[in-house]
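Listed below, chain by chain, are the residues.
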Amino acid sequence: VGLLDAFGFELLQRNSFEQLLINATNEQLQQFFLRSVMQAEQTLYDAEKIAWSPISYQDNAATIALLHQRPRGLLPMIDEECKLPNGSDEALARKAVAHLLEAGHAQGHAGGGNAGGTARGPGTASNPRGYELRKKPSARAEGAARQSKALYTKGIPHFTVTHFAGEVCYECTGWLDKNADNLY
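Overview of the structure. (Residues numbered from 1 in each chain as written. Predicted model: local features only at pLDDT ≥ 70, side-chain atom pairs only at ≥ 80, totals over all residues. Heavy atoms only, no water.)

**Let's talk about helix α1 (residues 17-47)**
Consideration 1: A rise of 1.5 Å per residue sets the reference length of α1, with its 31 residues, at 45 Å; its end C-alpha atoms lie 44 Å apart and thus fit the reference within 8%.
Consideration 2: The set of residues buried in α1 consists of Phe17, Gln19, Leu20, Asn23, Ala24, Asn26, Glu27, Gln30, Gln31, Leu34, Met38 and Gln42.
Consideration 3: Just downstream of α1 lies Lys49, where phi reads positive at about 55°. (Helix = DSSP H or I, 4+ residues; strand = E, 2+ residues; numbered from the N terminus. Expected span 1.5 Å × (residues − 1). Buried < 20%, exposed > 50% of the residue type's maximum accessible area, 1.4 Å probe, protein only.)

Have a look at this one:
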């Protein structure tokens, strides 16, 4: 059984701040769907003693934490960089790359390929962060790595996040200005 990406993750030619917010929201919607529908159905089948085969699906809680968790998540990191007197998109991108590498999200210009792995849920003793290492990167991972290398060559600050639906390379230009805009 394959699970549909029902919430519209996108990989655009240029992914910026707005796309990160959209994809971060989509991560939460995907988790809500999996927990409320898939787990609920499996619990119902068990309760009604209906014969079924368990469906495995990846839990994206690690990616949600990476994006939202205070104080080190990407979104709080953006807020913090806005508060610094000399905060910059470049500094934000450097901090994001370091944080993402630490969490196992490959950065195409920092070590190449997908050597870091992809988030796949809770860890084990031998793999504490719960990342599945891939021998051959997906087409989406290869595209994100190519985009990352091109941006690196041009000196454009950027980072790559491994979302539920795949890798997305974000250009980190104008982010502090966009994040500082009032909504009212």
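There is more to say after this.
**Digging into unusual backbone geometry**
Consideration 1: In this structure, Pro71 follows Arg70 across a cis peptide bond, with omega equal to 5°.
Consideration 2: Position of Pro71 among the secondary structure elements: in the loop between α2 (61-68) and α3 (74-83).
Consideration 3: Of note in this structure, Lys49 is not a glycine but carries a positive phi near 55°.
Consideration 4: With respect to the helices and strands, the residue Lys49 is situated in the loop between α1 and α2.
Consideration 5: Owing to a relative accessible area of 74%, Lys49 belongs among the exposed residues under this scheme.

**A look at the packing of α1 against α2**
Consideration 1: Two elements in contact, α1 and α2, have axes separated by 10 Å at closest approach and are oriented at 145°. α1 and α2 meet at a crossing whose hand is left-handed. Across the interface between the two elements, Leu20, Ala24, Glu27, Gln28, Gln31 and Arg35 from α1 touch Ala61, Thr63, Ile64, Leu67 and His68 from α2.
Consideration 2: Considering only residue class, the contact of α1 with α2 consists of 5 nonpolar, 4 polar and 2 charged. (Axes fitted to C-alpha atoms, helices over the stretch in contact; angles between N-to-C directions. Left-handed = near helix turned anticlockwise from the far one by under 90°. Contact = heavy atoms within 4.5 Å. Nonpolar A, V, L, I, M, F, W, Y, C, P; charged D, E, K, R; others polar.)

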